[in-house]
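Letter by letter, the chains look like this.
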Amino acid sequence: MKKLIGFILSAIVVLSMASCDDKTFDLDYTAPLTITFDGVDNSNIVTVEKGVMSYTAKIEVKAPATGIKFFEIYQADPKTGAKGSIIENTSKAFDDGEGKGVPSYSVEYTIDNLIQNRCIKVVVTDGEGNVFERNLLVEITPVILFSESLKMETAEVYYGPYFASWLGGRVYMRRDGEAYKNEIDFSMGDVVLTEGAAPVPALVNPAERGANNLLSIAGLQQVKYELTTLTKAQFDAITPVDAAPIAALPDPEQQVVKLVSGKVFLFKTASGKKGLIYVSALSAKTGTVETTTGEWMNNTTYYQATISTKVAVP
């Protein structure tokens, strides 16, 4: 039995030595075909300056040993890099006259209408049928920051009443918002707009929340609002590279503005940040809500809004 175990262990050692000698794992491996973008590092990302609406990629492919047989450029998803449809007039087949591919190929491709990040995927097949790919992501420098569609509340229940436009848009409760209060752009609350009437959901100046009988965070900045006449289509048409539609709007003057679903609101902070808020949904909810006196009130009505924003970079 000892001899058998010894034999098995010896076999394992021999197999391990053989696998370590496998050239498949050679760190000095050199690919037979290379795809390069002039002026772009291994991140495969290039960023254009503000206002630049096109970028010309200088593409070079080399395959001195195997040759290049086919070359194509595809659209690609800017977030995932997944291949989309082939770009018209970018497909080429090569033959050196002897049934072999060419050793190198260079071409320029211009990406126009850069109103958002764009990505292309270069796909090359060598003379042995191997396929090689490399993506190029062209990032714009936005002058308008877009938020995702976010849920926000007029009370602190699940999401919170404080909004900051950084990091793709963030909604905070007080316990989280305290650390980021310098980033908070606007807030919501249930406010009595007419004496004797019931509170209504509203955009509220963060610096004046206390005056409106709302819980607050000390040190929040002044913010003004206005209901605009912009439609959803006009809001959607604003691109990340053109701040003119927002800059052209007169500065808002209201401390508090009633929220209405389907409407576009303008806000401007004391720090000079100016942006639009689109309210896509607004619904009444019931929950346990804390009052300014520290009491917790059961079955209290508050409102939940679904919003998206477009904010001009100061």
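Just above, that's the structure.
Keep in mind it's a predicted model, so treat the numbers as computed, not measured.

### Some remarks on the overall build of the protein
Summing up its helical and strand segments, the protein has four helices and 20 strands in all. Here the protein has a C-alpha radius of gyration of 29 Å; the compact-globule value for 314 residues is 20 Å, and the former is much larger. For the protein, the spread of C-alpha atoms along the three principal axes comes to 90 × 70 × 30 Å. Looking at the 314 residues of the protein, the share that counts as buried comes to 39%. In the protein, 60% of the contacts between residues at least 6 apart in sequence involve partners at least 24 apart. As presented, the protein carries roughly 17,600 Å² of accessible surface, and 53% of it is formed by carbon and sulfur atoms.

### What to know about the pairing of strand β15 (residues 200-204)
On a regular strand, one side chain projects to one face of the sheet and the next to the other, so that they alternate. The buried fraction of β15 is high, at five of five residues. Residues of β15 alternate between two faces, with V200, A202 and V204 on one and P201 and L203 on the opposite face, all of them buried. Note: strand β14 (residues 184-191) against β15, five bridges, orientation antiparallel. Bridging from a neighbouring strand, G189 pairs with A202 of β15.

### Regarding the pattern of salt bridges
Opposite charge on two side chains lets them pair, provided their charged atoms get close. Summed over all chains, the structure comprises nine salt bridges. A salt bridge links R174 to E156; the shortest N-O distance between them is 2.5 Å. With R174 in helix α2 (residues 174-177) and E156 in the loop between β11 (150-153) and β12 (162-164), this pair connects stretches of sequence that are 18 residues apart. A residue is classified by how much of its surface remains accessible, and R174, at 23% relative accessible area, is partly exposed. Put simply, D251 and K268 hold a salt bridge, and the shortest N to O gap is 2.9 Å. Remark: K268 occurs in strand β18 (residues 264-269) and D251 occurs in the loop between α4 (244-247) and β17 (256-258); sequence separation between them is 17 residues. Look at D251 and you get partly exposed, because its relative accessible area is 37%. Exposure remark for K268: the relative accessible area of 26% places this residue in the partly exposed category. Through salt bridges with shared partners, one network takes in E156, R174 and E290.

### Details of the nonpolar core
Judged by nonpolar contacts, the single largest core of 29 residues is most densely connected at Y55, I59, I68, F71 and L136. Elements represented by at least two residues in this core include exactly β1 (34-37), β3 (55-62), β4 (68-76), β7 (104-111), β8 (118-126) and β9 (131-139). Among the elements that take part in this core, β3 stands out by supplying four residues, more than any other.

### A word on the sheet that holds β7
In spatial order, the strands read β1-β3-β7; together these three strands make up an open sheet with antiparallel pairing. In the strand order of this sheet, the two ends are held by β1 and β7, each with one partner. The sheet shows a mean angle of 20° between the axes of neighbouring strands, direction not considered. Relative to β3, β1 runs antiparallel, the two being bridged by four bridges. Paired with T34 across the two strands is K62, which belongs to β3.

### Section: the sheet that holds β15
Strand pairing in a sheet is mediated by backbone hydrogen bonds. Such pairs are either parallel or antiparallel. Read from one edge of the open sheet, five strands run β13-β12-β14-β15-β17, paired in antiparallel fashion. Both edges of this open sheet fall to β13 (170-172) and β17, since each of them pairs with a single strand only. Averaged over all pairs of adjacent strands, the angle between strand axes in this sheet comes to 30°, irrespective of strand direction.

### A word on the pairing of β3
With burial as the criterion, only one face of β3 is covered, namely that bearing Y55, A57, I59 and V61; the residues T56, K58, E60 and K62 on the opposite face remain uncovered. Summarising the sheet, β3 and β7 pair through eight bridges and their orientation is antiparallel. Considered in β7, the bridge of Y55 is made with I111.

### Thoughts on unusual backbone geometry
Notably, N113 is not glycine yet its phi reads approximately 55°, a positive angle. As for its placement among the helices and strands, N113 is situated in the loop between β7 and β8. With a phi angle near 55°, L167 is a residue other than glycine that sits in the positive phi range. Along the chain, the position of L167 falls in the loop between β12 and β13.

Rules behind the numbers
- By convention here, each chain's residues receive numbers from 1 onward along its written sequence.
- Local features in this predicted model are restricted to residues whose pLDDT is 70 or higher, and side-chain atom pairs enter the listing and the counts only when it is 80 or higher, whereas totals over whole chains, interfaces and linings include all residues.
- Side-chain metrics rest on all non-hydrogen atoms present in the structure, leaving aside hydrogens and water.
- The way it works is that DSSP assigns letters per residue, a run of H or I at least four long becomes a helix, a run of E at least two long becomes a strand, and they are numbered from the N terminus.
- Only the C-alpha atoms count toward the radius of gyration. The rule for a globule is 2.2 Å times the residue count to the power 0.38.
- Burial classes: relative accessible area under 20% of the type maximum marks a residue as buried, over 50% as exposed, and values in between as partly exposed (1.4 Å probe, protein chains only).
- Any two residues having at least one pair of non-hydrogen atoms within 4.5 Å are treated as being in contact.
- Surface accessibility follows the Shrake-Rupley procedure with a 1.4 Å probe radius. Residue values consider only the protein chains on display as shielding.
- The criterion for strand pairing is that DSSP finds at least two bridges linking the strands in question.
- Each reported salt bridge corresponds to a side-chain nitrogen of Lys or Arg within 4 Å of a carboxyl oxygen of Asp or Glu.
- By nonpolar core we mean a set of buried residues, namely Ala, Val, Leu, Ile, Met, Phe, Trp, Tyr and Cys, connected to one another through side-chain atoms within 4.5 Å.
- Note on geometry: axes are lines fitted to C-alpha atoms, helical ones only across the stretch in contact, with angles between N-to-C directions running from 0 to 180 degrees.

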